[in-house]
Structure formats: structure tokens, C-alpha cells
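# Chain and residue survey
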Amino acid sequence: MNQKHLRIVLAICLFLSLLNCNGPKKETEISTEKITLKKAYKEDFLIGTALNSAQINGNISEKESALIKNQFNSITAENIMKSMHIQPTRDQFTFDMADKFVKLGVDNNMFILAHNLIWHSQLPSWVNNIKDSNELNQFLQNHIAQLAGRYKGKIGGWDVVNEALNDDGTLRKSIFYNLLGEQYLVDAFKLAEKADPNAELYYNDYSMCVPAKRDGAIKLVKMLQENGAKVDGIGMQGHWGLTRPTLKEIERSILEFSSLGVKVMITELDITVLPSPWENAGADVNKSAENSDRMNPYPDGLPEEIQIQLAQRYKDIFKLFLKHKDKLSRVTFWGVNDAQSWKNNWPVEGRSDYTLLFDRNNNPKKAYHEVMSLKSK
Ligand code: G3I
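As a convention, each chain's residues are numbered from 1 in the sequence order in which they are written. The predicted nature of this model means local features are confined to residues of pLDDT at least 70 and side-chain atom pairs, given and counted, to a pLDDT of 80 or more, with totals for whole chains, interfaces and linings taken over all residues. Side-chain numbers here rest on the full set of heavy atoms in the structure, without hydrogens or water.

What the protein chain contains, in helices and strands, is 15 helices and nine strands. Remark: exposure states derive from per-residue accessible area (1.4 Å probe, protein chains only) relative to the maximum for the residue type, with buried under 20%, exposed over 50%, and partly exposed in between. Expressed as a percentage of the 377 residues in the protein chain, the buried residues total 52%. Every accessible area reported is derived by Shrake-Rupley at a probe size of 1.4 Å, with residue values counting cover from the shown protein chains alone. Accessible surface computed for the protein chain: about 17300 Å², of which carbon and sulfur atoms make up 49%. Counting from the N terminus, the helices are the DSSP runs of H or I reaching at least four residues and the strands are the DSSP runs of E reaching at least two.

Below you can see the structure in the form of C-alpha cells.
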């Protein structure tokens with residue numbers, strides 16, 4: 001090749017590389033590349049996701065693994081830190097999965113949200129069978145000391161107590177309340193502080209925009225504060241729908257919770273596009289309903305018009321989150337992609353829901369682009 005040919009080849013290479021840099025990106029590239037959710041919202045709040053066992057074990061595609069690391073700067077264990085998994089038998093702790101989860105967060109410099117210490121649901125059967133208050137108190141003390149103590153200094157925040165309220169704002173008559181009274185709430189926070197003094201400590205619940213429950217949560221947190229417990233934040237789970245709760249109710253909860261002097265966070269965000277068998281769906285995993293064609297309208301994919309509605313809903317709520325970014329410390333999605341979403345199996349088993357920003361192939365959806373568009377102006 002002579003000098004002239006070489007120059008032509010080099011010029012063509014340069015031209016092609018420029019085209020490659022500035023040309024339009026395929027949608028799928030966005031999920032693993034430069035502009036990502038966590039970068040776009042870096043100055044506003046953390047962007048988190050919940051991880052299932054396969055994701056924690058790394059039994060997922062490279063694409064999904066890269067997506068998790070590139071898009072999110074906070075992780076929550078969707079299931080593996082719940083007491084039925086951590087202490088299935090009295091005094092026998094199975095920390096393997098939790099160890100892997102915490103390592104994943106530490107290795108990738110992520111804010112680790114530990115979910116959860118005390119929850120009436122997903123208890124091991126030996127705890128459910130306890131009838132004696134001393135015995136239950138012993139579980140409370142030991143479980144919190146062992147679990148929170150093991151990861152001392154590595155966890156950003158603990159959901160210390162999960163879902164202690166009924167939807168009318170009264171305290172749930174759980175095994176903890178029935179045997180230990182409301183003192184169990186104070187004890188749980190104090191024990192968590194003792195086990196991991198620098199971790200943030202949260203109260204976490206669903207339906208937190210229902211006025212009566214909002215008032216109940218405020219009363220509960222005030223009670224904790226008056227009793228000398230350290231409460232750093234309130235988690236609003238955010239299992240929401242296309243129209244409810246209204247933006248006004250979400251805003252009201254953010255403002256009222258924040259006025260207690262605590263951080264507010266959206267901890268389990270997903271937006272169902274499916275019909276609910278009940279008026280107020282909430283997130284009580286002990287309730288369920290029958291499947292039917294009417295209840296599962298989009299088994300083969302989401303119609304464009306609903307995709308647009310979902311994208312608009314996500315845009316509206318993120319606009320609201322940005323308005324109150326001084327009060328919100330984190331927004332965590334309850335899952336990475338639509339395939340993972342618990343909503344495919346609740347409140348009706350075996351449906352196809354489309355609740356998150358990434359589809360079943362880990363490609364960003366319209367909703368993702370709308371959420372990102374708020375930061376590109
Ligand atoms: O892993 C088993 C699998 O081996 C088995 O074949 C299959 C058969 O049903 O069950 C699998 O376990 C399921 C597990 O999720 C993992 O997918 C359980 O049945 C199912 O009950 C469990 O549901 C979880 C639910 O909490 C109860 O723990 C959901 O994934 C999880 O998203 C959900 O998360 C809760 C939060 O912790 C608290 N707030 C509400 C939220 C939604 O309910």
C-alpha cells in the first residue's frame with residue numbers, strides 16, 4: 001500500500017470512528033453504558049434495586065449483571081435476609097447468602113440496605129409457635145444482635161421494623177405485639193443501634209399514602225422518638241398503581257414524614273399495570289385472589305398505550321421526587337426487571353405484570369427514558 005492509499009484508509013477509519021461516537025445508540029446499549037440512572041440522579045438521591053437469589057449468586061447474564069452495577073448505587077436483599085432464611089432453626093443462623101449479598105455491595109461500593117430485622121411475616125415456624133413472652137423476647141434480642149452485629153460497619157441502613165401497622169393506622173396484632181406489647185418496637189430499634197451504632201435505622205411499611213396509615217406511622221415514629229430510640233428514616237414502600245395513590249397524597253406523606261426530622265425514602269417502588277381484585281391492594285402477602293383472563297389482560301406483552309401511561313406515571317412521580325430531593329435520601333425499585341417482579345405472582349399468581357423500568361430482556365422501557373429525560377434538561 002502506498003502513502004496515498006494509507007492516508008485514504010486512515011481518513012476512512014477516522015470518519016467511521018467519529019460516526020460510531022456520535023451516531024445514535026441502540027436502546028439496549030443505554031442500560032449498560034455512560035448515562036445511567038445512578039449517574040443522572042447522583043446529586044439528588046440514591047437509586048436502588050432489590051436483588052433476588054440468582055442475582056446475588058451471579059447466576060444471571062452478563063448483561064443483567066452489568067445493568068445492576070451500572071444503573072444502581074444501592075442494593076436491598078429482596079428475600080434472603082428475612083428471618084425464615086437467616087434463622088430457620090433456633091440459634092442456627094444461615095448467613096451464606098447474606099454474606100454474598102453484603103460482599104457484592106461492599107465490592108461495588110454500593111449503599112447496602114438490609115431488609116429486615118423484625119417482621120411478623122416470613123417468620124420461621126419455630127418463632128410462629130412461640131407462646132411465651134420471655135422466649136419471644138429472647139428471639140428479638142438474639143436475632144438482632146447476631147444479624148445486625150455480623151455486618152456491623154458495612155450496612156448503610158436497616159429496615160429495623162417492617163409493616164407493624166394495619167391500614168387503619170392501628171398497631172398490627174402480630175405475634176410481637178400480642179406477646180410483648182408496643183415496647184417491642186422500642187426494643188428493636190435500641191437493640192439495632194447497639195449492634196450496629198453507625199447504621200441508619202428505619203421504619204418501613206406499605207400503603208403509607210393512605211391518610212389513616214400515614215397518621216399511624218407518624219404516631220409510631222413519635223412514640224419511638226419519645227422513648228429514646230434512634231430512628232433515622234421512614235421507608236414508604238411504593239407498591240403503587242397507574243393512578244393511585246395520587247401525587248398529592250404521595251407529596252403529603254413525604255412532607256409530613258420529613259417534618260418528624262427523619263429522612264424519607266421510597267423503598268420498594270413498582271407500578272402495577274394490572275387490575276386489582278380489591279379496592280386498596282396494599283402489599284399484604286398473606287392475601288391472594290384467583291387468576292382469570294380479566295385479571296391477566298397482557299400475557300403476551302404490554303400494549304403501546306399502556307406502556308405510555310406507565311412511562312408518564314413514572315415521569316410524574318420522579319418529577320415529584322425531584323421537587324422534594326432535599327427530603328428524600330433514596331429511591332429503591334423492587335427488582336431489576338419485569339421478569340423478577342413479585343407482582344407477577346401477587347395478588348394473583350401467574351400473571352404478566354410490567355412494573356419496572358427494564359423489561360424481561362433487561363432492556364430499558366419507555367418509562368426508563370422518561371425518568372432519564374427529567375435529568376437531561
Ligand atoms: O424460592 C422459592 C422456590 O424455591 C419455590 O419453588 C417457589 C414456589 O412458590 O417459591 C419460592 O419462594 C418465593 C420467594 O418469594 C422467592 O421468589 C416465596 O414463595 C414467596 O412467598 C416470596 O415472596 C416474596 C415476599 O416478599 C414474601 O417474602 C417476594 O419475592 C418479595 O418481593 C416480597 O417482598 C415484600 C417485602 O419483603 C416487604 N414489603 C412487601 C414486599 C412485597 O410483598
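Below, the discussion takes up the pairing of strand β3 (residues 111-119). Burial within β3 is extensive, with eight of its nine residues counted as buried. The pairing criterion for strands is at least two bridges between them, as found by DSSP. Where strand β2 (residues 74-77) lies against β3, three bridges are found, and the strand directions are parallel. Counterpart to I75 in the pairing with β3 is I112. Note that β3 and strand β4 (residues 157-162) share five bridges and pair parallel.

Counted as salt bridges are all cases of a side-chain nitrogen of Lys or Arg within 4 Å of a carboxyl oxygen of Asp or Glu. If you walk through the whole model with that rule in mind, you get 17 salt bridges. With its nearest N and O atoms 3.0 Å apart, the salt bridge here joins K213 to D167. Here D167 lies in the loop between β4 and α10 (175-180) and K213 lies in helix α12 (residues 211-226), a separation of 46 residues in the sequence. Residue D167 is classed as partly exposed on the basis of its relative accessible area of 29%. Its salt-bridge partner being E256, residue R252 comes within 3.0 Å of it at the nearest N-O pair. Remark: E256 and R252 occur in helix α13 (residues 247-258); sequence separation between them is four residues, near one turn of the helix. Taking relative accessible area as the criterion, R252 reaches 44% and is therefore assigned partly exposed. Beyond isolated ion pairs, a larger network of salt bridges with shared partners links D44, K325 and K375.

Quick look at the nonpolar core now. Take the buried residues of types Ala, Val, Leu, Ile, Met, Phe, Trp, Tyr and Cys, join any two whose side-chain atoms come within 4.5 Å, and each joined set is a nonpolar core. In terms of nonpolar packing, the biggest core is built from 107 residues, with W158, Y314, F318 and F321 touching the most fellow members. Broken down by element, this core gets its largest block of residues, nine residues, from helix α14 (residues 304-323). When checking whether two residues touch, look at their non-hydrogen atoms; a contact exists if any pair is within 4.5 Å. Those residues in contact with W158 that lie beyond four places of it in its chain are M81, L113, A114, N116, L117, L147, A148, D196, A199, E200, L201 and Y202.

Close contacts around the ligand come from 15 residues, with E78, K82, H115, E163 and E268 the closest. Q122 places a side-chain nitrogen or oxygen 3.1 Å from an oxygen atom of the ligand. Counted as a polar contact is a pair of N or O atoms within 3.5 Å, where, for protein atoms, one must be capable of donating a hydrogen and the other of accepting one, and residues adjacent in sequence contribute only when both atoms are in side chains. Take E268: an N or O atom from its side chain is 2.8 Å from a nitrogen atom of the ligand. Burial of the ligand by the protein amounts to 51% of the accessible area it has alone, namely 790 Å². Here, proximity means that at least one heavy atom of the residue falls within 4 Å of the molecule or strand.

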